[in-house]
Structure formats: C-alpha cells, structure tokens
Amino acid sequence: MQRYFLNLEATLNTQYIVSAKDDVHHIKTVMRLTIGDKIIINFLNATYICEIRDVSQEIEVTTIEQVELFTELPVNVTIASGLLKNDKYEWMLQKATELGAHSFLPFISDHTIIKIDDKKMVKKVERYQKIIKEAAEQSYRQIIPEISVVKNSKVLSELISQFDFVLIAYEESAKNGETSTLHQVISEIQQGASLLVIFGPEGGLSPEEITLFNAPSIGLGPRILRAETAPLYLLSAISYQLELS
C-alpha cells in the first residue's frame, strides 16, 4: 500500500485533503488509484489507512484505521556532512533516509570542492527535500527527515551544544586503529536522545576543524570509506546494535 505524508494532526473517520502536486500526480497518474482505493498516510500524530473518496485536482481521503508502526531508529541521528560534488550527496541523502537518519546538516567544509552561490543552493535544497521525501515514503518512514544547510564549519560548531552526543568520523582515527568509541557511545545513549555525527567531504576534515568541533573522533572499521559511504556505515552500525542485537 502506497504511503504519503500530511503535515496535519488526524483523527479516525475524518476527511482530509491531499493537495501537494507531486502527491496528487503520483496517486492519479503513477499509481492510477481511484475512489475506493486505500493508501497509508503518515500524519503528525499517527499513521492511518485512508480510503480515497474523491479524485480531482486534489485527493479527498477518509481515515478508516489507525496503524501502529515502529520504523524509526530509537535515537535521533543527525548527519552533518561536508557537501560533495556531482550527485554523490543526493545518493547519500536517499540511502541515509532509508537507513533512518533523523536530519541532515550539509556544510561548507575547509576541503569542500564545489562552489555554489546562495541562489543555486536554494534550488539544490528543494531537490534534496524531494529526494528525502520520496525515500521516506519508499522506506515506510514515519517522519520526513529535515535538511538545513550550514554556512561553514564555525557555524556548525555553534550548533553542537544542541545535541546530547557528538562524534566526528575521522579517517586518521581509523588509520590509528580506533574501534571502541562508537560502540561505547551507542551502548550509553538512551532512547530518544539526539546524536550528531560529523563527516568530511572528499579529502576529509582539516585538523583545524577537528580542533574546532572538539568532540570524540571515531574510526569506522579498518577500511577508509568514501565520503558518501561513511554515513551509511554509521547508520547501519547503529541499527544493528540497537535494533537487531
């Protein structure tokens, strides 16, 4: 059953309107759903099976059954990653959303290669949000992860105090054989806590950034991972330790 999101609170046996153009197009044209068909909608307060009541310029639905879902990671993981060139960042966003990331903070690192002005960045964020939303629907997420661009490393460092735990994925730690910090932090973290993990772009983080962030550095195994792969390794490790073991 196809899933969608509505930024509303809902109750049972109540009518709601799906008006977002992309969702209407997907329901009518891609899925070819019609009156009487059912979809699942994630509302702000609950998830409901909904029956389509009318199909026109908008989609009218009625909530007919509440669904109990538990598809979110037990901890809220924010991925702060230096912006990557080409479509690597988009690919990472898609896969990290599927793996349970709670939010994203792309930032301009000392080693960031790409140069984007503010106007182009606005368009990129719009595309990022679309990719995240589609990945959240596909993977049965209960929320759509948020994304907010951070101007530079200094600004990112000023956000660190907002999180319960902060870690830096640093390739030098991996080269030096560091293997225990991530496991230890995951073992200590409580359900619902917030975890920020900082990743560098191609070329990694600079020594100055490591000093600026002033947080524990972790290795992610003995192999050096690409910038777009490292966040996925981290999320998989957290899922294994908290959800599968």
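As shown above, the structure is provided for reference.
Residues numbered from 1 in each chain as written. Predicted model: local features only at pLDDT ≥ 70, side-chain atom pairs only at ≥ 80, totals over all residues. Heavy atoms only, no water.

(A) Seen up close, the sheet that holds strand β1 (residues 3-5). Spatial ordering of the open sheet is given by β1-β3-β4-β5-β2, a layout of 5 strands whose pairing is mixed. Single-partner strands in this sheet number two, and they are β1 and β2 (15-18). For this sheet the average axis-to-axis angle between neighbouring strands, irrespective of direction, equals 45°. The pairing of strand β4 (residues 47-55) with strand β5 (residues 59-67) spans 8 bridges and is classified as antiparallel. Within the sheet, the bridge partner assigned to Tyr 48 lies in β5 and is Gln 66. Sheet contacts for helix α1 (residues 21-30): β1, β2, β3 (38-42), β4 and β5; angle to β1, the most-contacted strand, approximately 160°. (Pairing = 2+ DSSP bridges. Helix = DSSP H or I, 4+ residues; strand = E, 2+ residues; numbered from the N terminus. Axes fitted to C-alpha atoms, helices over the stretch in contact; angles between N-to-C directions. Contact = heavy atoms within 4.5 Å.)

(B) Structural context of the packing of helix α2 (residues 88-98) against helix α8 (residues 230-244). Packing of α2 against α8 leaves a shortest axis separation of 9 Å and a crossing angle of 5°. Judged by the inter-axis angle, α2 sits roughly parallel to α8. Only Pro 231, Leu 232 and Leu 235 of α8 make contact with α2, whose side of the interface consists of Trp 91, Met 92, Lys 95 and Ala 96. Of the residues in the contact of α2 with α8, the class split is 6 nonpolar, no polar and 1 charged. (Parallel < 35°, antiparallel > 145°, perpendicular 65-115°, else oblique. Nonpolar A, V, L, I, M, F, W, Y, C, P; charged D, E, K, R; others polar.)

(C) Representation of the nonpolar core within the structure. Counting 36 residues, the largest nonpolar core has Val 77, Ile 79, Tyr 89, Phe 104, Ile 147, Phe 199 and Leu 234 as the members making the most contacts within it. Mapped onto this core, the elements with two or more residues apiece are β6 (76-82), α2, α3 (118-138), β9 (165-169), α6 (181-188), β10 (194-199) and α8. Ranked by the residues each element gives to this core, the list is headed by α8, at 5 residues. In contact with Tyr 89, not counting residues within four places along its chain, are Ser 81, Gly 82, Leu 83, Leu 84, Phe 104, Leu 105, Pro 106, Tyr 128 and Ile 147. Leu 6, Tyr 16, Ala 46 and Val 61 belong to the second largest nonpolar core, which has 17 residues in total. (Core = buried A, V, L, I, M, F, W, Y, C linked by side-chain atoms within 4.5 Å. Buried < 20%, exposed > 50% of the residue type's maximum accessible area, 1.4 Å probe, protein only.)

(D) Inspection of α2 at higher detail. Among all positions of α2, only Tyr 89, Glu 90, Met 92, Leu 93, Ala 96 and Thr 97 are buried. Looking down the long axis of α2, one finds its buried residues gathered within 160° of arc, a one-sided arrangement. If you follow the buried residues of α2, they end up packed against β6, β7 (103-107), α3, β8 (146-147) and α8. One or two steps after α2, the chain reaches Gly 100, where phi turns positive at roughly 110°. (Arc of directions from axis to C-beta.)

(E) Unusual backbone geometry, seen in detail. In the Ramachandran plot, Tyr 140 falls in the positive-phi region, its phi being about 60° despite a non-glycine side chain. Position of Tyr 140 among the secondary structure elements: in the loop between α3 and β8. Phi at Asn 214 is positive, roughly 50°, even though this residue is not glycine.

(F) Examining the sheet that holds β6 more closely. Pairing is parallel across the open sheet formed by 6 strands, whose spatial order is β8-β7-β6-β10-β9-β11. Among the strands making up the open sheet, the edge pair consists of β8 and β11 (217-218). As paired strands, β6 and β10 are joined by 6 bridges and run parallel to one another. Directly across from Thr 78, in β10, lies its bridge partner Leu 196. The sheet contacts of α6 involve β9 and β11, and relative to β9 the element is tilted by about 160°. Each of β6, β10 and β11 is contacted by α8, which is oriented at about 165° to β6, the strand it contacts most.

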